[in-house]
Amino acid sequence: MTEQDPHSIFETDPDPELDRQLLALSRWTRLITVIGFGMGAFVVAMMLVSGAVILKSLESILPVKAEGTYGALIVVFFIFFFITATVLYFLYKAASNIKAGVLQKNTTLLAEGFSNFHRFFIAMAILSGISLLANISTLFQ
Amino acid sequence: MNQPEHDKSPSFIPLDIYTKSKISSTAKVAGTVAILSISGTIISLIAYITKPSVRTGLAKEGFDDATLQMAAQGSVLYIAFSVIVSAVLFYMLYSFSKSAQKGLAADDRRSLNKGLFHLATYFKVIAIIFLCALAFMFLSVLMMMLGAAT
């Protein structure tokens, strides 16, 4: 009979430490989504109340003056808004699935949670890549 | 006092192959994100040090010396804060990537737990920065409203 490794992932002993780490991960991720969605709601409210004034003042301080800048600013705002909302949605789903997976002891939910983290990090990799390219272009200007 | 059952019962989550593969792929992408983001920070720091136009962006706008000096000091503080935060986030994310992959490859639960701890700390740091930004935003709006009222 083979002896089982006491720290094996596949062991059948209870592991409160894994629970604790997963719940902490879920808790902090959920806090980020709550703050993010709160900030998003604040921005939407501000844009509804005085969006035209904010965009006009942004247009006036831009170094490039061209026709259609106001429309371009609106498009950029919506693209930025929806990318942020999508990233926050991935985080929210990850937090919810991991918490439910731990509480229900369901590995499928846990895997779904990490799948959402995977999507979140892919989005972050794309954004970090764009930011890196922008920094490189600044360096060689 | 009655507690919910899940609060009392110990955990039993034997991670299956599918869950392991998801954690592993997340760890790999997280490692890439960590390297990309720290590279971006290092390049922007090099640009700040070597390019005078990045440092003194206000010079062209006709501001006086005192304003330029204040702006330069603020810029130095901002860059220093960005570098410190980026370094901490890189350490947490990269540690998660390495520990989780090591834990899954060697079937070592302690390494996996350590990796998850680093991922939780990574999100904790981001949450604290978000809270500070929220407080700053709230104070700015409050000051604008008070300024408008007087």
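Here, every reference points to the structure presented above.
These remarks concern the structure in this document. Quantities reported herein were computed from a predicted structural model and do not represent experimental measurements. (Residues numbered from 1 in each chain as written. Chains lettered and ligands numbered in written order. Predicted model: local features only at pLDDT ≥ 70, side-chain atom pairs only at ≥ 80, totals over all residues. Heavy atoms only, no water.)

## Thoughts on helix H1 (residues 16-61) of chain A
Line of reasoning, step 1. In this model H1(A) runs just 55 Å from its N-terminal to its C-terminal C-alpha over 46 residues, more than 12% under the 68 Å that 1.5 Å per residue would give.
Line of reasoning, step 2. If you look at H1(A), its biggest bend is around 90°, right at A:Ser50. (Helix = DSSP H or I, 4+ residues; strand = E, 2+ residues; numbered from the N terminus. Expected span 1.5 Å × (residues − 1). Bend = angle between axes of the 7 residues up to and from the residue.)

## Quick word on the interface of chain A and chain B
Line of reasoning, step 1. Taken together, the contact pairs 51 residues of chain A with 55 residues of chain B.
Line of reasoning, step 2. The contact between chain A and chain B buries some 5100 Å² in all, and 75% of this surface belongs to carbon and sulfur atoms.
Line of reasoning, step 3. Inspection of the region where chain A meets chain B yields zero salt bridges.
Line of reasoning, step 4. Taken together, the elements giving at least two residues each to the side of chain A that touches chain B come down to H1, helix H2 (69-104) and helix H3 (107-139) of chain A.
Line of reasoning, step 5. Looking at which element gives the most residues to the side of chain A that touches chain B, the answer is H3(A), with 19 residues.
Line of reasoning, step 6. Within the side of chain A that touches chain B, the residues separate by chemical class into 30 nonpolar, 14 polar and seven charged. (Contact = heavy atoms within 4.5 Å. Buried area = accessible area lost by both parts, 1.4 Å probe. Salt bridge = Lys/Arg side-chain N within 4 Å of Asp/Glu carboxyl O. Nonpolar A, V, L, I, M, F, W, Y, C, P; charged D, E, K, R; others polar.)

## Structural notes on unusual backbone geometry
Line of reasoning, step 1. The backbone phi angle of A:Lys105 is positive, close to 55°, even though this residue is not glycine.
Line of reasoning, step 2. By relative accessible area, which is 29% here, A:Lys105 ends up partly exposed.
Line of reasoning, step 3. Despite not being glycine, B:Asp107 shows a phi value in the positive range, around 60°. (Buried < 20%, exposed > 50% of the residue type's maximum accessible area, 1.4 Å probe, protein only.)

## What to know about the packing of H2(A) against H3(A)
All names here are of chain A.
Line of reasoning, step 1. Running from N to C, H2 and H3 point in directions that differ by 155°, and their axes come no closer than 7 Å. Judged by the angle between their axes, H2 and H3 are roughly antiparallel. Here the hand of the crossing between H2 and H3 comes out left-handed. Every residue of H3 that contacts H2 at Ile 83, Val 87, Phe 90, Leu 91, Lys 93, Ala 94, Asn 97, Ile 98, Ala 100, Gly 101, Val 102 and Gln 104 is listed here: Leu 109, Leu 110, Glu 112, Gly 113, Phe 114, Asn 116, Phe 117, Arg 119, Phe 120, Ala 123, Met 124 and Leu 127.
Line of reasoning, step 2. Looking at side-chain class alone, the contact of H2 with H3 contains 16 nonpolar, five polar and three charged residues. (Axes fitted to C-alpha atoms, helices over the stretch in contact; angles between N-to-C directions. Parallel < 35°, antiparallel > 145°, perpendicular 65-115°, else oblique. Left-handed = near helix turned anticlockwise from the far one by under 90°.)

## Let's talk about the side chain of B:Ser99
Residues and elements named next belong to chain B.
Line of reasoning, step 1. Tracing the chain through its elements places Ser 99 in helix H4 (residues 65-105).
Line of reasoning, step 2. Using a relative accessible area of 11% as the deciding quantity, one classes Ser 99 as buried.
Line of reasoning, step 3. Ignoring sequence-local partners within four residues, the contact set of Ser 99 consists of Ser 111, Leu 112, Lys 114, Gly 115 and His 118.

## Re the side chain of B:Thr19
Line of reasoning, step 1. You can see B:Thr19 is positioned in helix H2 (residues 17-50).
Line of reasoning, step 2. Judged by its relative accessible area of 0%, B:Thr19 is buried.
Line of reasoning, step 3. Side-chain polar atoms of B:Thr19 contact the backbone oxygen of A:Thr107, separated by 3.3 Å.
Line of reasoning, step 4. A distance of 2.4 Å separates the side chain of B:Thr19 from the side chain of B:Asp16, its partner in a polar contact.
Line of reasoning, step 5. Excluding its chain neighbours within four sequence positions, the residues that come into contact with B:Thr19 are A:Thr107, A:Leu110 and A:Ala111. (Polar contact = N/O pair within 3.5 Å; in protein donor to acceptor, adjacent residues only side chain to side chain.)

## A closer look at the packing of H1(A) against H3(A)
For any two helices packed against each other, one specifies the inter-axial angle together with the distance between the axes.
All names here are of chain A.
Line of reasoning, step 1. Contact geometry of H1 with H3 gives a least axis separation of 13 Å together with a crossing angle of 45°. By the angle class used here, H1 and H3 are oblique. Crossing of H1 against H3: the hand is left-handed. Judged by residue contacts, Leu 22, Leu 25 and Thr 29 of H1 engage Leu 110, Phe 114 and Phe 117 from H3.
Line of reasoning, step 2. Along the lines of polarity and charge, the residues of the contact of H1 with H3 split into five nonpolar, one polar and no charged.

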